[in-house]
Amino acid sequence: MKRILLLRGAELIVFALLATIPLLVVNPYALGLLTLLAIYGILLIGLDVTVGYLGQVNLAHVAFLGLGAYTAGLAVTKLGLGMAPALLAAMAVGLLLGGLLALPALRLEGPQFALATLSFAALSTTALNELEGLTGGAQGLSLTRPPIFGHSLTPPLFYWLCMALLAVVWMLMRNLLASQWGRAFEALRDSPIATDAMGVGTYRHKVAAFALGSGLGGLAGGLYAFNFQYLQPQSFVYDLMIILLLGVVLGGRKSLWGAFVGASVIVLLPNLLSNRLLFQVFSGLGFAMALAAGLRGLVKKTTRPFQALAPVAAMGLLVVGGFFVENTEDWRKAIFALMLFSVVVGLPEGLMGFLAIFLAKLFRVPHAPLPEPSDIEAILPPRASDGAPLLVLEDLRRHFGGVKAVDGLSMTIKSGSIHGLIGPNGSGKSTVVNVISGLYTPTAGRILLRGMVLPSGSLFQVSKSGVARTFQNLQLFAELTALENVMVALRGVYRSPLPLVLLGLARREERQAQADALCLLDRVGLKDQALTRAKDLTYGAQRFLEVARALARKPDLLILDEPAAGLAHPDVVQLIEIIKRIHRRGISILLIEHHMDVVSELCDTVTVLDGGRVIAEGTPDEVKRHPKVVEAYLGQPPQPETDTDTAGGAEPLPA
Ligand SMILES: Nc1ncnc2c1ncn2[C@@H]1O[C@H](COP(=O)(O)OP(=O)(O)OP(=O)(O)O)[C@@H](O)[C@H]1O
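What counts as what
Residues numbered from 1 in each chain as written. Predicted model: local features only at pLDDT ≥ 70, side-chain atom pairs only at ≥ 80, totals over all residues. Helix = DSSP H or I, 4+ residues; strand = E, 2+ residues; numbered from the N terminus. Buried ≥ 20, exposed ≤ 12 C-beta atoms within 10 Å, placed from the backbone. Contact = placed C-beta atoms within 7 Å. Expected span 1.5 Å × (residues − 1). Pairing = 2+ DSSP bridges. Axes fitted to C-alpha atoms, helices over the stretch in contact; angles between N-to-C directions. Domains from an automatic or database assignment. Near = placed C-beta within 6 Å. Nonpolar A, V, L, I, M, F, W, Y, C, P; charged D, E, K, R; others polar. Arc of directions from axis to C-beta. Core = buried A, V, L, I, M, F, W, Y, C linked by C-beta atoms within 7 Å. pLDDT = per-residue confidence, 0-100.

A. Broad picture of the overall build of the chain. Of regular secondary structure, the chain possesses 27 helices and 12 strands. If you line up the chain on its principal axes, its C-alpha atoms span 95 × 60 × 50 Å. The buried share of the chain, reckoned over its 655 residues, is 45%. A sequence separation of at least 24 residues applies to 73% of the contacts in the chain between residues at least 6 apart.

Structure below.
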């Protein structure tokens, strides 16, 4: 509570101070800078959605600023619209074009995505230049700020309008990003596969995030047009894009305050470059900061030498350059590049990320208290297990070119059972799991869940049908806390429509989600680490967290893909206890496992695969003695005197 009050208090004070500025400051230049701060604030909050939350290098944002600016400009000059509809049109164009660009572009990853957005930015500048009849091309487009309710907007009034819009965007985005939407954006940055497997539509959320960010870019563009009242296509090119990226990264990603700080830096940059003394002071300060942070990191052994020294070298270059370069403005691109490099390497959390940690320590700000965990009876009411067929695989095949990873597999998992799936390395177990869970499309065959054909080739659809899974190679949402990892996957809790979420009226269901997630964390022994980021948990705890997250889907069938892989003995013992607990709730489990002691202790039935086919099925004791199983594991037919423990085969059949 204290933390929230502090944050809300800080926001209130800053916006109240900003609102009083026109009453105190009469200098039009300073007011102009502050107006730009509000506009860039909105712009960077939008950019942060894709760069910070989605983790994508988005180079198209500058284009949305330009398109929004021209939309508003043309709406006023050609259509005679007022300011409010012109701003709405600018935002709508950003939303629409952002959504359209996202549809193909977000199927791409990493550099391909960056190139797609770069192409879009180049295309829109060319279009603005070449559509001379409409935009005035390189000659530019002049406009006058239309009045609102008959009042012409003086600079202070326009400033207040921009600040008011920044405050509204701030509040709405704060609510949205703290909700399931924000968690979903972050989850799909860390693991798109797991996001889909947890029933959160990856594609839908990516498109929504991109459209939303672009819509804010469009709105900022509209304000930009009314601020400068003159537009030229060359204002919206790569130079500005680099500065915007610098603003987001320097301010701090995934932070509204970061966007605000970044916007302040962007606004001050021209002054910084045109005033040599200011530049020298600023680069000197940057150098001192980089040196102090680097030395501290090296002494405390929290940073690698390159991470500590590279920013010092880059900032040192800026300091030296400040003395020798004739005109710093001629060197602006190089200066931005050096600054961006220093921040990316030396201060990956940005100024606000760094400050937030520092302030939290200084003021000992406690985290908002968590609710009491929900009752497990309410989240996972015990289910009757009637032993009827739950999941049926019929002649399932999955071929990769000539490799028949799964080759005519038929098996039945009964409701309420723990069904083991074992086999030597490369026998097709993971492929079976990936086909059932929708990661792979089967080459042939059918999968039935409770008699209904299970959707194929879609992790998202399969998850919605009641099948949840963990991953052999962990797929956690590394940057999210343990609690948030489970909250992302929770089924049946988030019902509020988007407008309520934006207005902050969905807090009750957030608390409910926290309570439910805590209960599930408690089931796997992680309640006390609820607020630890997944990447900071021990390996064993990470494996248990994946189980809790899959449980949050409240599945009919839980697929555990080698959950004991890499675990120490005490963790294996704990894992067995966790699986038994889950089973007692009546949840059916498909367990893929190499540890035969785990399989023996837990499974009712075991299917053994080799070469993508079933070679044996029965109780753990039966399959262990089965000649074909012994042969598959040992690589030779069983000899009466042979000890089936470890002797030179493909893989031991563990005790
Ligand atoms: N994406 C893929 N492309 C090509 N071949 C694949 C692919 N995935 C699996 N295979 C091949 O299919 C066969 C079965 O692999 P799979 O990973 O399913 O076996 P596994 O029983 O899970 O093995 P392990 O116990 O080592 O995880 C192997 O020959 C493997 O090389």
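We are not done yet, so read on.
B. Broad picture of helix H3 (residues 61-77). Between its terminal C-alpha atoms H3 stretches 24 Å, which fits the 24 Å expected from 17 residues at 1.5 Å a residue. With 16 of 17 residues buried, H3 lies mostly within the body of the structure.

C. Broad picture of the sheet that holds strand S6 (residues 444-449). Pairing within the open sheet is antiparallel, and its 4 strands lie in the order S4-S3-S6-S7. In the strand order of this sheet, the two ends are held by strand S4 (403-414) and strand S7 (452-453), each with one partner. Pairing analysis gives 5 bridges linking strand S3 (residues 389-400) to S6, with the strands arranged antiparallel. Opposite Arg397, over in S6, you have Ala444 as the bridge partner. In the packing of helix H18 (residues 429-436) onto the sheet, the strands contacted are S3, S4 and S6, and the crossing angle to S4 comes to about 65°.

D. Seen up close, the pairing of S6. Relative to S7, S6 runs antiparallel, the two being bridged by 2 bridges. Pairing of Leu448 across the sheet is with Val453, part of S7. Where S6 folds back on S7, the antiparallel hairpin that results is connected by 2 residues, among which Arg450 adopts a positive phi of roughly 45°.

E. The arrangement of the domain arrangement of the chain in detail. Each assigned domain of the chain is listed here: domain 1 (53-137 + 160-236), domain 2 (267-363) and domain 3 (385-466 + 555-634). Placing the centre of domain 1 and that of domain 2 at their C-alpha centroids yields a distance of 29 Å.

F. Quick peek at the site of the ligand. Inspection of the region around the ligand gives Phe400, Val403, Ala405, Gly423, Asn425, Gly426, Ser427, Gly428, Lys429, Ser430 and Thr431 as its neighbouring residues. Going through the elements one at a time, S4 and H18 are the ones with two or more residues in the shell around the ligand. With 3 residues, H18 is the largest single contributor of residues to the shell around the ligand. Here the residues of the shell around the ligand are counted per class, giving 3 nonpolar, 7 polar and 1 charged.

G. A look at helix H24 (residues 569-584). Under the 1.5 Å per step criterion, the end-to-end length of H24 is 23 Å for 16 residues, consistent within 8% with the ideal 22 Å. Of all the positions in H24, only Leu575, Ile578, Ile579 and Ile582 are classed as buried. Along H24, the residues classed as buried sweep out an arc of 100° about the axis, all on the same side. Turned more than 90 degrees away from the buried face of H24, the exposed residues are His569, Pro570, Glu577, Lys580 and Arg584. Its buried side turned inward, H24 meets helix H22 (507-523), helix H23 (539-551), strand S9 (557-561), strand S10 (588-592) and helix H25 (596-602). Looking one or two residues past H24, Gly586 carries a phi angle of roughly 85°, positive in sign.

H. Spotlight on the pairing of strand S11 (residues 605-610). In terms of burial, S11 is a largely internal element, 5 of the 6 residues being buried. When S11 meets strand S12 (residues 613-618), the two strands line up antiparallel, connected through 5 bridges. Residue pairing across strands places Asp610 opposite Arg613, the latter belonging to S12.

I. Here's a closer look at the sheet that holds S12. Spatially, the 6 strands line up as an open sheet ordered S8-S9-S10-S5-S11-S12, and their pairing is mixed. With one partner strand each, in any of the chains shown, strand S8 (467-469) and S12 form the two edges of the open sheet. Mean inter-strand twist for the sheet, computed between neighbouring axes without regard to direction, equals 20°. In the sheet, strand S5 (residues 418-422) pairs with S10 via 4 bridges, with the strands oriented parallel.

J. Molecular detail of unusual backbone geometry. The phi torsion at Asp395 lies on the positive side, around 50°, for a residue other than glycine. The topology assignment puts Asp395 in strand S3.

K. Structural detail: the nonpolar core. Ranked by size, the top nonpolar core spans 193 residues in total, and within it Val486, Leu521 and Ala548 carry the most contacts. Looking at which element gives the most residues to this core, the answer is helix H2 (residues 28-53), with 13 residues. In this view, Val486 contacts Ala517, Leu520, Leu521, Ala548, Arg549 and Ala552; residues no more than four positions away in its chain are not counted.

L. Seen up close, the environment of Glu484. Here Glu484 lies in helix H20 (residues 482-489). Looking at Glu484, the number of C-beta atoms within 10 Å reads 23, which means it is buried. Measuring from C-alpha to C-alpha, the distance between Glu484 and Leu17 comes to 34 Å, with 467 residues separating the pair along the chain.

M. Broad picture of the environment of Met83. Residue placement: Met83 occurs in helix H4 (residues 83-105). If sequence neighbours within four positions are ignored, Met83 has contacts with Pro146, Ile148 and Phe226.

N. Representation of the confidence of the model for the chain in the model. On average, residues of the chain carry a pLDDT of 89, and 95% of them reach 70 or more. Least confident of the elements in the chain is helix H16 (residues 350-362), whose mean pLDDT is 74; most confident is H20, at 97. Confidence drops under a pLDDT of 50 for residues 641-652, and excluding neighbours within four residues, the segment shows 19 contacts in the predicted structure. Prediction confidence for the complex, expressed as pTM and ipTM, is 0.85 and 0.96 respectively.

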